[in-house]
Amino acid sequence: MQVYLDNSATTKLDERVFEAMKPYMTEQYGNASSIHFMGEENSLALIKAKEDVGLILNCDHDNIIFTSGATEANNMIIKGVARANKDKGNHILVSSIEHPSILKTVKQLEEEGFEVGYIPVDSSGIVDVDQVKKMVKPETILISVMTVNNEIGTIQPVEKIGAFARKQGILFHTDAVQAVPYVPIDIKQWNVDFLSLSAHKFNGPKGVGLAYINRRAKIIPLIIGGGQEYGLRAGTYNLPGIVGMTEALKLAYEEREETVKKISELSAYFWKRLQEEVEDVQLNGDLKNRTPNNFNIMFRRIEGEAILMDLSVKGICVSTGSACSSDVLKASDVLKSIGLEKNDLNSNIRFTLGKFNTREEIDYTIDALKVTVERLRNFTPLK
Ligand SMILES: Cc1ncc(COP(=O)(O)O)c(C=O)c1O
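This report concerns the structure included in the present document.

**Considerations on helix α6 (residues 158-168)**
Here is step 1 of the chain: Of all the positions in α6, only V158, I161, G162, F164 and A165 are classed as buried. The buried residues of α6 occupy an angular sector of 165° when the element is viewed end-on, so they sit on one face. Exposed residues on α6 whose side chains face more than 90 degrees from its buried face are K160 and K167.
Here is step 2 of the chain: Residues of α6 that are buried in the fold lie against α5 (129-135), β5 (140-144), β6 (171-175) and α7 (187-190).
Here is step 3 of the chain: Of the residues one or two after α6, G169 is the one with positive phi, at around 75°.

**Regarding the site of the ligand**
Here is step 1 of the chain: Close to the ligand lie 15 residues; T71, D175, S198, H200 and K201 are nearest.
Here is step 2 of the chain: At 2.6 Å, a side-chain N or O of D175 approaches a nitrogen atom of the ligand.
Here is step 3 of the chain: When the ligand is considered free in solution it has 390 Å² of accessible area, and contact with the protein chains removes 88% of it.
Here is step 4 of the chain: Of the residues forming the shell around the ligand, the biggest block, 3 residues, is contributed by helix α3 (residues 70-84).
Here is step 5 of the chain: Grouping the constituent residues of the shell around the ligand by class yields 4 nonpolar, 9 polar and 2 charged.

**Description of the sheet that holds strand β12 (residues 348-352)**
Here is step 1 of the chain: Judged by pairing direction, the sheet is antiparallel, and its 3 strands sit side by side in the order β9-β10-β12 without closing on themselves. Unpaired on one side and paired on the other, β9 (281-283) and β12 mark the two borders of the sheet. The average angle at which neighbouring strand axes cross in this sheet is 30°, direction not considered.
Here is step 2 of the chain: For strand β10 (residues 294-299) and β12, the ladder comprises 5 bridges, and the chain directions are antiparallel. Residue F295 lies in a different strand from β12, and its bridge partner there is F351.
Here is step 3 of the chain: On the sheet, helix α9 (residues 256-277) packs against β9, β10 and β12 and is oriented at approximately 10° with respect to β10.

**Digging into helix α4 (residues 100-111)**
Here is step 1 of the chain: Here α4 is 12 residues long and its end C-alpha atoms lie 16 Å apart, about the 16 Å a rise of 1.5 Å per residue gives.
Here is step 2 of the chain: Every buried residue belonging to α4 is among S101, I102, L103, T105, V106 and L109, and all of these are buried.
Here is step 3 of the chain: In this structure, the buried side of α4 is in contact with α3, β3 (91-95), β4 (115-119), β5 and β6.
Here is step 4 of the chain: Positioned one or two residues after α4, G113 has a phi angle of 105°, which is positive.

**Let's talk about the sheet that holds β5**
Here is step 1 of the chain: Ordered by their spatial adjacency, 7 strands build an open sheet running β2-β8-β7-β6-β5-β3-β4, and the pairing between neighbours is mixed. Looking at the sheet topology across the chains shown, the edges are occupied by β2 (64-67) and β4. Neighbour-to-neighbour, the strand axes of the sheet open up by a mean angle of 20°, direction not taken into account.
Here is step 2 of the chain: Together, β2, β7 (194-198) and β8 (209-213) form the strand contacts of helix α2 (residues 37-57), whose direction differs from that of β2 by roughly 115°.

**A few points about the packing of aromatic side chains**
Here is step 1 of the chain: One pass over the full model with this rule turns up 4 aromatic pairs.
Here is step 2 of the chain: Between F299 and F351 the ring centres are 6.3 Å apart and the planes differ by 65°, which places this aromatic pair in the edge-to-face class. With F299 in strand β10 and F351 in strand β12, this residue pair connects regions lying 52 residues apart in the sequence.
Here is step 3 of the chain: Relative accessible area serves as the criterion here: at 0%, F299 is assigned to the buried category.
Here is step 4 of the chain: The exposure class of F351 is buried, given its relative accessible area of 0%.
Here is step 5 of the chain: Taken together, the aromatic side chains of F270, W271, F295, F299 and F351 make up a single cluster linked through ring pairs.
Here is step 6 of the chain: Here the basic side chain of R215 rests over the ring of Y230, its NZ or CZ set 3.9 Å away from the ring centre.

The rules behind these values
Note that residues are indexed from 1 along each chain, following the sequence as it is written. Local features in this predicted model are restricted to residues of pLDDT 70 or higher, and side-chain atom pairs are both shown and tallied only at a pLDDT of 80 or more, whereas totals for entire chains, interfaces and linings draw on every residue. Side-chain figures throughout are based on the complete set of non-hydrogen atoms in the structure, without hydrogens or water. Summary of the burial criterion: residues with accessible area below 20% of their type's maximum are buried, those above 50% are exposed, and those between are partly exposed, where the area comes from a 1.4 Å probe applied to protein chains only. Here a helix means four or more residues in a row that DSSP labels H or I, a strand means two or more in a row labelled E, and each is numbered from the N terminus. The reported arc concerns the directions from the helix axis to the C-beta atoms and nothing else. Only heavy atoms matter for contacts: two residues are in contact if any of them lie within 4.5 Å across the pair. We define proximity as follows: a residue is near a molecule or strand when any one of its heavy atoms falls within 4 Å of that partner. Polar contact is the term for a pair of N or O atoms within 3.5 Å; when the atoms are in protein, one must be able to donate a hydrogen and the other to accept it, and sequence-neighboring residues count only if both atoms are side-chain atoms. Each accessible area is a Shrake-Rupley estimate made with a 1.4 Å probe; only the visible protein chains count as cover when residues are assessed. Only Asp, Glu, Lys and Arg are considered charged, only Ala, Val, Leu, Ile, Met, Phe, Trp, Tyr, Cys and Pro nonpolar, and every remaining residue, Gly among them, polar. Any two strands with at least two DSSP-identified bridges between them are counted as paired. To get an axis, fit a line to the C-alpha atoms, keeping to the stretch in contact for a helix; angles then go from 0 to 180 degrees between the N-to-C directions. A helix is expected to span 1.5 Å for every residue after the first. Here is the rule: rings of Phe, Tyr and Trp (six-membered ring for Trp) pair when centre to centre is within 6.5 Å. Planes less than 30 degrees apart are stacked, more than 60 are edge-to-face, and the remainder are tilted. Consider the ring centre and the ring normal. A charge sits over the ring if Lys NZ or Arg CZ is within 6 Å of that centre and within 35 degrees of that normal.

This is a description of form; function is not addressed.
Below, the structure written as structure tokens:
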């Protein structure tokens, strides 16, 4: 059996999304910026995609900029906003558990002279809004707090932070990559000025994402060249990707209730069996304030890598932390931020469910895990 439980790293492309993309890879290949009829048709498809996305995210469709993914969107927003608003201040606030595409970007900005404040999280992995209020300075130009954490699935109080930031006249960005379909995004209601998404996290294609940009805010483009995306992001439009992402987002929202229900039931079953049948496990993060697909679990006294490899041999795909950093064997900063003991930092596995998982797969995984954990615990010298 093959079981994919790494849906926060990426997801399987939905067949219906692939069908929607196909014509734009074969017959309708005109450049959406060309003036001839093939270009014109694709330009209309591009506008339609923006309108559809705007309706779903509750924002003006002119403020949607398509990118190659959330990494690019995050780089574009954080660097572009910081550099364009230097005259107003040089202070940026980010949560300490952001994705590396934010944390490494602000590190680079520190080298350029910006000052960055890292908002701590509590032991369940949640940002305290009062802490944000305390850390704000007169020079603060931008706050960035993710909607859902990619490692432990905790949901952050973005609406409250957005309301506060708007009142203070501070720009606010949220990386909402892990939110779809669990947390319904509402750009107006949340008072966000900038938001990032990546299609492959919700059964869309890889290599396409978007940045919502409040066009009243000043921003310097990251990628320049042709005049695409109102001069904010140059490069020929990736229309198959854009159409695919839009279709994936539409499906995620249309089927939201049943998907969330299915995944919640499956994960409750997974967690119940795991607690009953595997000794000494602990959930990292918050049991309530989290998306139902994510289980980041500590298996005391065993190396997470050993569990991962053992499960992989049995056909089960999981991760030890965020997939983007699993080729570098380094303890997770997120798990450090929520206060895990040094000895426990390398004993964690992230299981992330998706809409294609089944109960049989969960049964297979728990059965395999029981054997794996028992075998590895028999070897370990750790007590
Ligand atoms: C929270 C978060 N932000 C940003 C990204 C980057 O997305 P991409 O690699 O698709 O650019 C990821 C991917 O893991 C993520 O989980």
